[in-house]
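Take a look at the letters that make up each chain.
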Amino acid sequence: QVQLVESGGGLVQAGGSLRLSCAASGSIFSVAGMAWYRQAPGKQRELVARIRSGVSTFYADAVKGRFTISRDNAKNTVYLQMNSLKPEDTAVYHCNMYKSGDFDYWGQGTQVTVSS
């Protein structure tokens, strides 16, 4: 059973930075795609950024140029560096581990609150 544990959320002023981490248990991390999603109150969960088992990345338009996703396969950890944060970035951020047609795991989420 894979467990994903997010950390690094918190309260920050607009323009500030946070770094989220997601540590995965098990031995499949290196072959998995990893992603960060977020869900704001009253809104649907949306994809923020994704990194495949190689180095290929994808970013939502809303965060492009401000957020950076990276992974450390030796530590079974994926990161989301968030810079120039805006109040509209406020949400619960969830880590996702996936392999199409094979597995799909989710973390519990970490709250990010950006004050204006």
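Quick look at the structure, then. Not measured: the values here are computed from a predicted model. (Residues numbered from 1 in each chain as written. Predicted model: local features only at pLDDT ≥ 70, side-chain atom pairs only at ≥ 80, totals over all residues. Heavy atoms only, no water.)

**Thoughts on the nonpolar core**
Within the largest apolar cluster, 31 residues are counted, with the highest numbers of intra-cluster contacts made by Trp 36, Val 78, Leu 80, Met 82, Tyr 93 and Met 97. If we ignore the near neighbours within four places in the chain, the residues touching Met 97 are Val 2, Leu 4, Ala 24, Ile 28, Phe 29, Ala 32, Gly 33, Met 34, Phe 103, Asp 104 and Tyr 105. (Core = buried A, V, L, I, M, F, W, Y, C linked by side-chain atoms within 4.5 Å. Buried < 20%, exposed > 50% of the residue type's maximum accessible area, 1.4 Å probe, protein only. Contact = heavy atoms within 4.5 Å.)

**Thoughts on the side chain of Arg 66**
Here Arg 66 is to be found in the loop between strand E6 (57–59) and strand E7 (67–72). Looking at Arg 66, its side chain comes within polar contact range of the main-chain oxygen of Ala 62, at 2.8 Å. Of the polar contacts made by the side chain of Arg 66, one reaches the backbone oxygen of Ser 84; its length is 2.9 Å. When sequence neighbours within four positions are dropped, the list of residues in contact with Arg 66 reads Gln 81, Met 82, Asn 83, Ser 84, Leu 85, Lys 86 and Asp 89. (Helix = DSSP H or I, 4+ residues; strand = E, 2+ residues; numbered from the N terminus. Polar contact = N/O pair within 3.5 Å; in protein donor to acceptor, adjacent residues only side chain to side chain.)

**A look at the pairing of strand E9 (residues 91–99)**
Along E9, seven of the nine residues are buried, which leaves the element largely enclosed by surrounding structure. With seven bridges joining them, strand E4 (residues 33–39) and E9 adopt antiparallel strand pairing. When the bridges of E9 are listed, Gly 33 appears paired with Tyr 98. Counted between consecutive antiparallel strands, the loop separating E9 from strand E10 (residues 103–106) contains three residues, among which Gly 101 sits at a positive phi close to 75°. (Pairing = 2+ DSSP bridges.)

**So, the layout of surface pockets**
Space inside the largest pocket adds up to approximately 190 Å³. As for the largest pocket, its lining consists of Arg 38, Ala 40, Lys 43, Gln 44, Glu 46, Ala 62, Arg 66, Lys 86, Glu 88, Asp 89, Thr 90 and Ala 91. (1 Å grid on protein atoms, 1.4 Å probe; cavity = no way out; pocket = protein on both sides within 12 Å on 5 of 7 lines; lining within 4 Å. Points joined across faces, edges and corners; volume = space filled by probe spheres on them.)

**Let's talk about the packing of aromatic side chains**
Counted according to the given criterion, the structure contains two aromatic pairs. If you follow Arg 71 out to its NZ or CZ, it ends over the ring of Phe 29, 4.6 Å from the centre. (Phe/Tyr/Trp six-rings, centres within 6.5 Å; stacked < 30°, edge-to-face > 60°. Lys NZ or Arg CZ within 6 Å of the ring centre and 35° of its normal.)

**Focus on the sheet that holds strand E8 (residues 77–82)**
Across the sheet, four strands lie side by side as E1-E3-E8-E7; this open sheet has antiparallel pairing. A strand with exactly one partner marks an edge of an open sheet, and here the two such strands are strand E1 (4–7) and E7. Going from strand to strand, the sheet's axes swing by 15° on average, the running direction of each strand aside. Bridge analysis of strand E3 (residues 18–24) against E8 gives six bridges, and the strand direction is antiparallel. Residue pairing in the sheet places Arg 19 in a bridge with Gln 81 of E8. (Axes fitted to C-alpha atoms, helices over the stretch in contact; angles between N-to-C directions.)

**Remarks on the state of the cysteines**
Per the stated rule, a full pass over the model turns up one disulfide. Across a sulfur-sulfur distance of 2.1 Å, Cys 22 and Cys 95 are joined as a disulfide pair. Disulfide Cys 22-Cys 95: the torsion about the S-S bond is -80°, which places it as left-handed. Of this pair, Cys 22 sits in strand E3 while Cys 95 sits in strand E9, and the two are 73 residues apart along the sequence. Residue Cys 22 shares its accessibility class with Cys 95, and that shared class is buried. (Disulfide = S-S within 2.5 Å.)

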